[in-house]
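Results of the structural survey
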Amino acid sequence: MNSDVIKHVRGESLFVNDFPILEGTVFAKIFSSSIAHGKIISINFEKALQLPGIISIITAKDIPGENQIGGIIQDESLLAENEVNFIGEPIALILAKTSEIANKASKLIEIEYKELEAVVDPRKAFEKNLLIMPPKTFESGKIDEAWAACETIIEGKVESGGQEHLYLETQGAIASLTEDGGIKLISSTQSPTAVQRTAARILNIPMNKVEVDVLRLGGAFGGKEDQATHWAVLAALGAHIIKKPVKLILSRIDDLFMTGKRHPYSSDYKIGLSSDLKILAYEVTYYQNAGAVADLSPAILERTLFHATNAYYIPNVKATAISCRTNLPPNTAFRGFGGPQGKFVIEAAIHKAAESLTITASEIQKKNLITENDSFYYGQKADDSKAVICWKKAEEKYQINKLKKEIADFNKENHLLKKGFSVMPICFGISFTSSFLNQASALIHIYTDGSIGVSTAAVEMGQGVNEKIKSIVAKTFSVNINRIKIEPTNTTRIANTSATAASSGADLNGNAAINASKNILKRLLDFVRNELGLTKNDSIELKEEVVYVNNRKTEFDWEMLVGKAYFNRINLSSHAFYSTPEIYFDRNINKGNPFAYHVYGTAFTCATVDCLRGTYEIDYVKIIHDFGKSIDYKIDLGQAEGGLVQGIGWMTLEEVRYSDSGKLLSNSLSTYKIPDIYSAPKIIEVDFLSDSENRFGPLKSKAIGEPPLMYGIGVYFAILNAMKDFRPGKNFNISAPITPEKVLMSLYN
Ligand code: LUZ
Ligand code: MOS
């Protein structure tokens, strides 16, 4: 179990806003654009500056370094200078004695704009050639020739919406000064090094003068992979200029307005099947709504391409991805990182094809599951036949025929209530698709009392990575887990961190921690060998805190061992590195082996739609998931259930809406609905695939963070299938999320 939860329920866990306030701390508020696109004609700060308690107002011209925070593409300023490109774009940093005064001051700033046309629709942006980067195509086989062999060809257009991260802890940071013009930042970030690098660039100081410390995050979901940087760097800028500690915590409403969300996609597809239901060809074009700047959009779009075929083997594929620049806050990483968007399109295509053939989608899905000796269309070989194994195990364990019969019987007897069923197989690639990011390090100290301190690059954000690393270190040494403390993530202990992202936090950092543990353990055992005068032929091991020689207990227990080793000047610390082996991707041909492995699973979903009201309930989601050898059953189950419900929210309820002029309309929890206990499935069953191992995961485990979110896609199709039962033959084309309003309108118009 994640032992942090005990502190959470007692209110003892510290988040950025809970740290004791340093003497002289100044409070910051961001003044941001109120229009989606335009030139700044003039700004007048006079009235704001006259407010008692105002300390300073900082703008772009006060930045000592480069006003540039773009990661992948250098197209993003920290503070807008002459032009604004979305509502909520930071223009000035207000510093005051209290946050109330800073808030008041923001209302006294007078600004004049020359408004320009705002584009919020990705296809419109594409027509105007407003692109983040040139379109990108992944291809395999011979798509143009393949159509001729197809018995059925279906074309269509589908849309999926954005999603607000709604982490419980809003974005924020505290900046304080260190000697010689340095800065220390306490930040709620998934990527301490991104904060460090960017702060150094903005302040024009070397990275070694910026220390970033991260204790834990109150949720992130990708929303703090890139977009935590802005606020930390603004706090750093403020502190650097006024020479006082600065605290910047976004209010919920500022956070909603200023930060990007999951990317909405609008996509065109064409799918071709043989007479025996093999998918022979699939062509797809994704229009990604990137928002005003690149942020992580190019990487997210690329992951959409990798997951275009979900868990299926398709011989002829052409997938084109277009990142469209719009006047919305920059959309960003969100659990699944473009993968869910890609999978939704292929599932929609399969369901449309099934509809035209008057069969169930699962007949097509099952026929085309990727299996051993197949390759993904980007060149990587399928790991094994886990996609098929999970599907078959789900059929057996949950008795698919019985489930289908229950639903058919129910639908015969009911006219206004209809049940719908769906199967959702998933397949998600594990590794950052930028191969170089797949590296991590760990620093372990054994103290003279036998207690152990562990630092890694992993950021705890509620996902339980600290607990997993504790288990990993405890098992590697064979010591009691209570001896181990996981330290906050800190850039002075662990340098050049990759973001805790891509579901890979426990894999990468856990493997690094194993390497560091093994280094120390070897030194300790070599020391005992020497003390006892053992030969090469004697076996030695540490088992449950006792040293065994030739399988016999010795007097050396852990504390004695550590104590004696210290007096004999044995190094009790180790820094170690891990990088994922065997991964590469050639971007000239878009082929390679980008992932260490894939995570597979299958979900059965049943939903009941009230066809008079458009409302629905999810009766159950029953899942077989491949966890590998789970390090912590409860943590993994929690991630699977949480991911599923978050995916259901994206597919059913959560509707991010902007006005035509780029203003966020769903800007509170009364207009943006996230799943609660009533909208969650009445039954969630998650069964672990047994006998699964994974040579790339620490202790043979598999990554868990993102993949289960994609089971939520099944709920969309279960609801749709119920609607089809009520209106057979009706051609539904419902954009996701499939909200009760849309269900009602589509049943009756
Ligand atoms: N972040 C990233 C990610 O930079 N690269 C990835 O491939 C990725 N995948 C999932 C989530 N975050
Ligand atoms: Mo992410 S979408 O921060 O793994």
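Keep in mind it's a predicted model, so treat the numbers as computed, not measured. (Residues numbered from 1 in each chain as written. Chains lettered and ligands numbered in written order. Predicted model: local features only at pLDDT ≥ 70, side-chain atom pairs only at ≥ 80, totals over all residues. Heavy atoms only, no water.)

Okay, the environment of glycine 53 next. Positionally, glycine 53 belongs in the loop between helix H2 (46-50) and strand S3 (54-58). Between the C-alpha atoms of glycine 53 and tyrosine 548, which are 495 residues apart in sequence, the distance is 68 Å. (Helix = DSSP H or I, 4+ residues; strand = E, 2+ residues; numbered from the N terminus.)

As a structural note, the neighbourhood of ligand 1 is formed by Glu225, Arg303, Phe337, Phe432, Thr433, Leu437, Ala501, Ala502 and Glu706. Here a nitrogen atom of ligand 1 and a side-chain polar atom of glutamate 225 are 2.6 Å apart. Take alanine 502: an N or O atom from its main chain is 3.4 Å from a nitrogen atom of ligand 1. Among the residues forming the shell around ligand 1, the class breakdown is five nonpolar, one polar and three charged. (Near = heavy atom within 4 Å. Polar contact = N/O pair within 3.5 Å; in protein donor to acceptor, adjacent residues only side chain to side chain. Nonpolar A, V, L, I, M, F, W, Y, C, P; charged D, E, K, R; others polar.)

Let us look at the pattern of salt bridges. Applying the stated rule across the entire model yields 39 salt bridges. Between glutamate 117 and lysine 128 there is a salt bridge whose closest N-O contact spans 3.2 Å. With glutamate 117 in the loop between strand S6 (110-115) and helix H4 (122-127) and lysine 128 in the loop between H4 and strand S7 (136-140), this pair connects stretches of sequence that are eleven residues apart. Salt-bridge contacts for arginine 695 lead to glutamate 582; the nearest nitrogen and oxygen are separated by 3.0 Å. Placement of the pair is arginine 695 in the loop between strand S29 (683-688) and helix H18 (713-726) and glutamate 582 in the loop between strand S24 (573-579) and strand S25 (584-586), with a sequence separation of 113 residues. What you see here is one network of salt bridges that share partners, running through Lys419, Glu617, Asp619 and Lys682. (Salt bridge = Lys/Arg side-chain N within 4 Å of Asp/Glu carboxyl O.)

Attention now moves to the environment of asparagine 411. With respect to the element layout, asparagine 411 can be found in helix H13 (residues 400-413). Separated by 381 residues in the primary sequence, asparagine 411 and isoleucine 30 place their C-alpha atoms 55 Å from one another. With residues up to four places along the chain from it excluded, the contact list for asparagine 411 reads Leu417, Lys418, Lys419 and Asp725. At a separation of 2.7 Å, a polar atom in the side chain of asparagine 411 contacts the main-chain amide nitrogen of lysine 419. (Contact = heavy atoms within 4.5 Å.)

An order of S7-S15-S14-S13-S8 is seen for the five strands of this open sheet, with the pairing classed as mixed. Looking at the sheet topology across the chains shown, the edges are occupied by S7 and strand S8 (152-160). Neighbour-to-neighbour, the strand axes of the sheet open up by a mean angle of 10°, direction not taken into account. When S8 meets strand S13 (residues 265-273), the two strands line up antiparallel, connected through nine bridges. When the sheet's bridge partners are listed, threonine 152 is paired in S13 with leucine 273. (Pairing = 2+ DSSP bridges. Axes fitted to C-alpha atoms, helices over the stretch in contact; angles between N-to-C directions.)

This next bit is on the nonpolar core. One broad rule of soluble globular proteins: the nonpolar side chains tend to lie buried together. Judged by nonpolar contacts, the single largest core of 110 residues is most densely connected at Ile271, Tyr282, Tyr286, Phe344, Tyr716 and Ile719. Per element, the largest residue contribution to this core is ten residues, and it comes from H18. Not counting the four nearest positions on each side in its chain, tyrosine 286 is found in contact with Tyr265, Ser266, Ser267, Thr304, Leu305, Ala308, Ala319, Thr320, Ala321, Ile322, Gly342 and Val345. Ranked by size, the runner-up nonpolar core spans 42 residues in total, among them Val454, Phe527, Val528 and Val562. (Core = buried A, V, L, I, M, F, W, Y, C linked by side-chain atoms within 4.5 Å. Buried < 20%, exposed > 50% of the residue type's maximum accessible area, 1.4 Å probe, protein only.)

In this structure, the second largest pocket encloses a volume near 600 Å³. Listed by contribution, the elements that provide at least two residues to the lining of the second largest pocket are helix H10 (339-356), helix H11 (361-367), H13, strand S16 (417-430) and H18. When residues of the lining of the second largest pocket are assigned to their parent elements, the largest contribution, five residues, is made by S16. Counted by class, the lining of the second largest pocket contains seven nonpolar, nine polar and five charged residues. (1 Å grid on protein atoms, 1.4 Å probe; cavity = no way out; pocket = protein on both sides within 12 Å on 5 of 7 lines; lining within 4 Å. Points joined across faces, edges and corners; volume = space filled by probe spheres on them.)

All right, on to the domain arrangement of the chain then. Taken as a whole, the chain is organised into domain 1 (3-116 + 165-258), domain 2 (265-433 + 587-748) and domain 3 (439-579). Relative placement of domain 2 and domain 3: their C-alpha centres are 39 Å apart. Counting residues at the interface gives 21 residues for domain 2 and 21 residues for domain 3. Roughly 1,400 Å² of surface becomes buried between domain 2 and domain 3 when both sides are summed, with 62% attributable to carbon and sulfur atoms. Where domain 2 packs against domain 3, one counts one salt bridge. Residue lysine 468 pairs with aspartate 636 through a salt bridge whose shortest N-O separation is 2.7 Å. Inspection of the domain 2/domain 3 interface yields four residue pairs in polar contact (both at pLDDT 80 or more). (Domains from an automatic or database assignment. Buried area = accessible area lost by both parts, 1.4 Å probe.)

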